[in-house]
Structure formats: C-alpha cells, structure tokens
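# Analysis of the macromolecular model
Residues per chain, in single letters:
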Amino acid sequence: MAAPSTASLGPEAEYLQALREGRFCFQRTAAGRAVFPPRLAAPGDGAALEWAQSSGRGRVHAVTEQPQKPPAPSRIIAIVEMEEGFRLLSRIETEVPVRIGQCLRAVIAGESDPPHVFFVPQGEQDEG
C-alpha cells in the first residue's frame, strides 16, 4: 500500500514537508492575500487556498528577549512580518541586539523534527 500524499494529511503536513524539502511556503487566497499559519480554507469566507513559496525576507514587527539559565544565552523571540504580508512568531539567532524594523532572512532547520523556520539578521551567515 502506498503512503498517503501530504495533501491528504492536511495543510500542516504539506507545510512541514515543504520545509523538509528546503522550501518555506505559505498560502494565498485567489485575491492574493497571504494566509499563515496553514489552514484548510481562507479565514472569513472559507475560500480555497493555494500554496506559494516565501522569499524568506522579513522585518522585525515586535521582539522580546527570553532569559535562560546561565551559561545559555537568552532567546530572542519575535513577530516577523514577511515581505509577502503575513506574520509569524519565531526566534532570531544572533549575537547582536535586534531592533524593530530590522531586516531578517529565514533559515530552515529542515533536519530537525519537526522542521521549523528561524531568522537571522540579513547579511549574517547561517547559524544552523
């Protein structure tokens, strides 16, 4: 028996599979409005959604620092507004202070389980 396609498992499974393949995807309505996180239908009107690949470019919309027990560094948690118009909560991996409006670049941790997206300031090297 063949394994079910990710489409039959739902939008979250499709999203996670795309991350495993190195693609950061989101959904879009027929009118072009970005939708994230993945859903079965568009919020409000229940219209069908199509998948699109994100550029991976965004800006810090809001940010906070979550202290950890020493010697671990603090975690930087942010709401990131993506170039395509959707926002998501994620972490930022950096050694320097982060500011509102700062340009970021998405990095996919596709080998983790489950795969996820984190961000680095634009211009910094990937950290993982």
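Preceding block: the structure.
Here's a quick rundown of the structure. (Residues numbered from 1 in each chain as written. Predicted model: local features only at pLDDT ≥ 70, side-chain atom pairs only at ≥ 80, totals over all residues. Heavy atoms only, no water.)

## A look at the pairing of strand 7 (residues 103-109)
With three bridges connecting them, strand 4 (residues 57-66) and strand 7 associate as antiparallel partners. Across the sheet, residue Gly58 finds its bridge partner in strand 7, namely Leu104. Inspection of the sheet shows strand 7 paired to strand 8 (residues 116-121) by six bridges, in the antiparallel sense. Within strand 8, the position partnered with Arg105 by the bridge is Val120. Adjacent in sequence and paired antiparallel, strand 7 and strand 8 are bridged by six residues. (Pairing = 2+ DSSP bridges. Helix = DSSP H or I, 4+ residues; strand = E, 2+ residues; numbered from the N terminus.)

## A short note on the sheet that holds strand 2 (residues 34-35)
An order of 2-1-3 is seen for the three strands of this open sheet, with the pairing classed as antiparallel. Pairing within the sheet leaves two strands with one partner each, and these edge strands are strand 2 and strand 3 (50-53). Where strand 1 (residues 25-28) and strand 2 come together, two bridges link them in antiparallel fashion. Paired with Arg28 across the bridge in strand 2 is Ala34.

## Quick look at the nonpolar core
Among the nonpolar cores identified, the biggest contains 21 residues, and Phe24, Phe86, Leu88, Ile92 and Phe119 are the most heavily contacted of them. Tallying contributions element by element places strand 5 (residues 75-82) first for this core, with four residues. Built from parts of two domains, this core gets at least three residues from each of domain 1 (1-53) and domain 2 (55-128). Ignoring any residue separated from it by four or fewer positions in sequence, one finds Ile92 in contact with Val60, Ile76, Ala78, Val98, Leu104, Phe119 and Pro121. (Core = buried A, V, L, I, M, F, W, Y, C linked by side-chain atoms within 4.5 Å. Buried < 20%, exposed > 50% of the residue type's maximum accessible area, 1.4 Å probe, protein only. Domains from an automatic or database assignment. Contact = heavy atoms within 4.5 Å.)

## Examining unusual backbone geometry
Cis geometry is adopted by the peptide bond preceding Pro37, which originates at Phe36 and carries an omega value of 5 degrees. Mapping Pro37 onto the fold places it in the loop between strand 2 and strand 3. In the segment running from Asp113 into Pro114, the intervening peptide bond is cis, with an omega of 0 degrees. Relative to the helices and strands, Pro114 is located in the loop between strand 7 and strand 8.

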